[in-house]
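# Structural overview
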Amino acid sequence: MDKMPRWADVALIPFINLLLALVVSGLVVLYIGESPLEAMAIMVRGSVGSAYGWGYTLYYATNFIFTGLAVAVAFHARMFNIGGEGQAALGGLGVAVVCLSIPWPHWSLALIGAIVGAAAFGAAWAAIPAYLQAKRGSHIVITTIMFNFIASALLVYLLVNVFRVPGSMAPETARFAEATHLPNAYDVAPWLGFSRSTPLNVSFVVAILACVGVWLLIWKTRLGYEIRAYGHSQSAAVYAGINPVRIIMISMLISGGLSGMMAINGVMGEAERLVIDPVQGAGFVGIAVALMGRSHPIGVFLAALLFGMLYQGGAELEFEMPAVSREMLLVIQALVILFTGALDNMVRTPVERLFLAMRKGS
Amino acid sequence: MDFATLIQLLDSSIRLATPLLLACLAGLYSERAGIFDIGLEGKILISAFFSASVAFTTGNVWLGLLAGVASSMVFALLHGVASITFRGNQLISGVAINFLAAGMTVVVSDSWFSLGGRTPQLETSGRFQNITLPFAEQLQGVPILGPIYHDLISGHSILVYAAFLIVPLTWWLLYRTRFGLRLRAVGENPAAVDTAGISVVRMRFTAVLICGVLCGIAGAYLSTSLSAGFVREMSAGRGFIALAALIFAKWRPWYALMACLLFGLLDATGSLFQNIRLLGVSVPVQFMQALPYILTVVILAGFVGKAIPPRAGGEPYVKER
């Protein structure tokens, strides 16, 4: 029996959750002695009020689409992949290896190569926790957390000892060749007012294609059906002849691959070299994005856009309201995760009761 | 390595193991009662900040400790409300708490002190002083045992001794009291505990709050004893290493002590020697840093003695279905 209409589940409840998160964040801003409404106005203006702002908002959103989809795919199989951070870092390594080792003739070929490299490295980093979960029953949350730390240590080691340019002190790889330069928004559409240095690049298109791909996979293929069935009821899925080891492995490999693909945006599209922390917390933002987006590609896209706005708006906020530091973003992010993820029932139960009462009344 | 260096290494290990031990025991109470807690990190961090701030403003380190413990307990309560009262996902709640602490500490410290996410340097009265145990000075001259007693066992802050005393206390509480039996039962089979007329909700809240107190002490130790003030992200993954130690110890107090000392030793070795040569091969410092995590994965994989968590861990208890 449906307790409430579908629109309430997919739109109303996330909206109330978000509102609660914003109200509490507003209280924090108020405590610091600034006006929450003014802060909000600065953030909106800074993120979507100019082509400059859009360039950054969509650039951040691209990262979050990839990591959000990654968490969402795993969620469908009822796996909590908290290792997006490490998988994306390894994806960055894959991009660097592909871009530095092959003399690419054209950026489009380099992009395909980089996607393959990033996805393969990201998936490989998810493969060990996935295998341990599937075969040995080791809790995937703990193992993926551990793998985040191992990834970060590995990356530091490789950048300092293997990839560092001889004679340079900076722990980063050499700059990628000019031919691998991905066209950014200025190259594609200069008439929209993007500046030459805008970080938004063709990876955004890849991210949208990834959304479509995940939608097709989860809702239009046999494998997607099996993943969802396994996520709903493991015992029923096993009874129906679905192999749990296969589902865990495949869904985690896809998840890791998507996380890894985030690196084409930051590492190849923006920095054009691999630096020490290429992910910058985007792997964790993916958790908030997937929760808010209810693990649906459209929801993930919208939530990623929202978080892109938050990140770019937060940077502007720090500029115009120095009293509010950039870490306010982490507070908002934490509250979104808290209200949409952990405290979901706090909102859901009363709303359900309300709809039930309305139905009885009519 | 000469004897003095060895003593120095072990002394440093004890200092670095202390916050791990406190956080690990904190996680032990929570997880034994069936509440997963990956928010240890956040609770340590928030307590580190409030301890240092209050210790700085009042000049009294004990008030700092109290404030730190209180802040950590507020976060613990939040985790309890989310995962016990509203039956939310405990892992997601833990993730949220970690971010909340990482953000709040910097936002609030910027607003209070305007030092870019730090608190001012703490003066002597704002810190826990090292205690010299009786006869330490007199016995210093005794070969071998003298330095061990004077440099290794004596000369730590009171929180270090407290942390080590909490280990037998936890063992006694867990295995020798009625409360401990109920706590363990609630993590294995809450329905049975409920049938016996004991409130599952109350037991779990108690465990979560104890977890808050211990994480609070760990945070206070970081900012008012190990260092002299708070810096952003100063917990530096210790909450997760403590979680690793907890798995390593298979959720048992004495093993927790061993695991934390081992991880403390790894940490001390990594920071004391930049270059370690083992059997002629130079071991990179990053490998030493990653070793606790690698060891935990190996243990979790069950190749070396399988780690089995409390059976009802992570699942909210529903009284009637």
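Quick look at the structure, then.

Here is what the cut-offs are and how they apply
Residues numbered from 1 in each chain as written. Chains lettered and ligands numbered in written order. Predicted model: local features only at pLDDT ≥ 70, side-chain atom pairs only at ≥ 80, totals over all residues. Helix = DSSP H or I, 4+ residues; strand = E, 2+ residues; numbered from the N terminus. Rg over C-alpha atoms; globule rule 2.2 N^0.38 Å. Buried ≥ 20, exposed ≤ 12 C-beta atoms within 10 Å, placed from the backbone. Contact = placed C-beta atoms within 7 Å. Nonpolar A, V, L, I, M, F, W, Y, C, P; charged D, E, K, R; others polar. Axes fitted to C-alpha atoms, helices over the stretch in contact; angles between N-to-C directions. Left-handed = near helix turned anticlockwise from the far one by under 90°. Expected span 1.5 Å × (residues − 1). Bend = angle between axes of the 7 residues up to and from the residue. Parallel < 35°, antiparallel > 145°, perpendicular 65-115°, else oblique.

### Describing the overall build of chain B
- Across its full length, chain B carries 13 helices and 4 strands.
- Relative to a compact globule of 321 residues, whose C-alpha radius of gyration would be 20 Å, chain B shows 20 Å and is just as compact.
- If you line up chain B on its principal axes, its C-alpha atoms span 65 × 50 × 40 Å.
- Within chain B, buried positions represent 51% of all 321 residues.
- Of all intrachain contacts in chain B linking residues separated by at least 6 positions in sequence, the fraction that spans at least 24 positions is 77%.

### Some words on the overall build of chain A
- Helices and strands together make up the secondary structure of chain A, namely 15 helices and 0 strands.
- The C-alpha radius of gyration computed for chain A amounts to 21 Å, which stays within 12% of the reference 21 Å derived for 362 residues, consistent with globular compactness.
- With the C-alpha coordinates aligned to their principal axes, the bounding extent of chain A is approximately 75 × 55 × 35 Å.
- Looking at chain A as a whole, 53% of its 362 residues qualify as buried.
- Across chain A, every contact between residues at least 6 apart in sequence was considered, and the portion connecting residues at least 24 apart equals 77%.

### Digging into unusual backbone geometry
- The phi torsion at Glu272(A) lies on the positive side, around 55 degrees, for a residue other than glycine.
- Inspection of the secondary structure puts Glu272(A) in the loop between helix H11 (244-271) and helix H12 (282-292).
- On the basis of neighbour counts, which here come to 17 C-beta atoms within 10 Å, the residue Glu272(A) falls in the partly exposed class.
- Phi at Trp251(B) takes a positive value of approximately 65 degrees, unusual for a residue other than glycine.
- By secondary structure assignment, the location of Trp251(B) is in the loop between helix H11 (238-248) and helix H12 (253-272).

### Observations concerning the interface of chain A and chain B
- Counting residues at the interface gives 35 residues for chain A and 36 residues for chain B.
- Of all elements in the fold, only helix H1 (6-32), helix H5 (107-136), helix H6 (140-163), helix H14 (328-342) and helix H15 (344-361) of chain A reach the threshold of two or more residues within the side of chain A that touches chain B.
- When residues of the side of chain A that touches chain B are assigned to their parent elements, the largest contribution, 11 residues, is made by H6(A).
- The residue inventory of the side of chain A that touches chain B, partitioned by class, reads 25 nonpolar, 7 polar and 3 charged.

### Considering the packing of helix H13 (residues 297-320) of chain A against H14(A)
Residue and element names in this part refer to chain A.
- Closest axis-to-axis distance for the H13/H14 pair is 9 Å, and the angle between their directions is 145 degrees. The crossing of H13 and H14 is right-handed. Side by side, H13 and H14 meet where Leu310, Tyr311, Gly314 and Leu317 of the first sit next to Met328, Leu329 and Ile332 of the second.
- Taken together, the residues that form the contact of H13 with H14 break down as 6 nonpolar, 1 polar and no charged.

### Brief notes about the environment of Asp344(A)
- Within the secondary structure, Asp344(A) sits in helix H15.
- Separated by 327 residues in sequence, Asp344(A) and Asn17(A) have C-alpha atoms that sit 7.5 Å apart.

### Examining the environment of Val351(A)
- For Val351(A), the location among the structural elements is in helix H15.
- Along the chain, Val351(A) and Ala120(A) lie 231 residues apart, while their C-alpha atoms are 43 Å from each other.

### Some thoughts on the environment of Ala102(B)
- As for its placement among the helices and strands, Ala102(B) is situated in helix H4 (residues 90-113).
- Looking at Ala102(B), the number of C-beta atoms within 10 Å reads 24, which means it is buried.
- Along the chain, Ala102(B) and His150(B) lie 48 residues apart, while their C-alpha atoms are 38 Å from each other.
- When sequence neighbours within four positions are dropped, the list of residues in contact with Ala102(B) reads Leu330(A), Leu45(B) and Glu233(B).

### So, helix H10 (residues 200-226) of chain B
Residues and elements named next belong to chain B.
- Taking 1.5 Å per residue as the helical rise, H10 with its 27 residues ought to reach 39 Å, and the 37 Å between its terminal C-alpha atoms agrees with that figure.
- The largest bend in H10 comes to about 25 degrees, at alanine 220.
- Of all 27 residues that make up H10, 20 are buried, and the element is covered over most of its length.

### Re the packing of helix H8 (residues 178-188) of chain B against H10(B)
Residue and element names in this part refer to chain B.
- It is the contact of H8 with H10, at a shortest axis distance of 10 Å, that shows an interaxial angle of 105 degrees. By the criterion of interaxial angle, the relationship of H8 to H10 is roughly perpendicular. Packed against H8, whose contacting residues are Arg182, Leu183 and Val186, the element H10 presents Val200, Met203, Arg204 and Ala207 at the interface.
- Grouping the constituent residues of the contact of H8 with H10 by class yields 5 nonpolar, no polar and 2 charged.

Geometry only, nothing functional implied.
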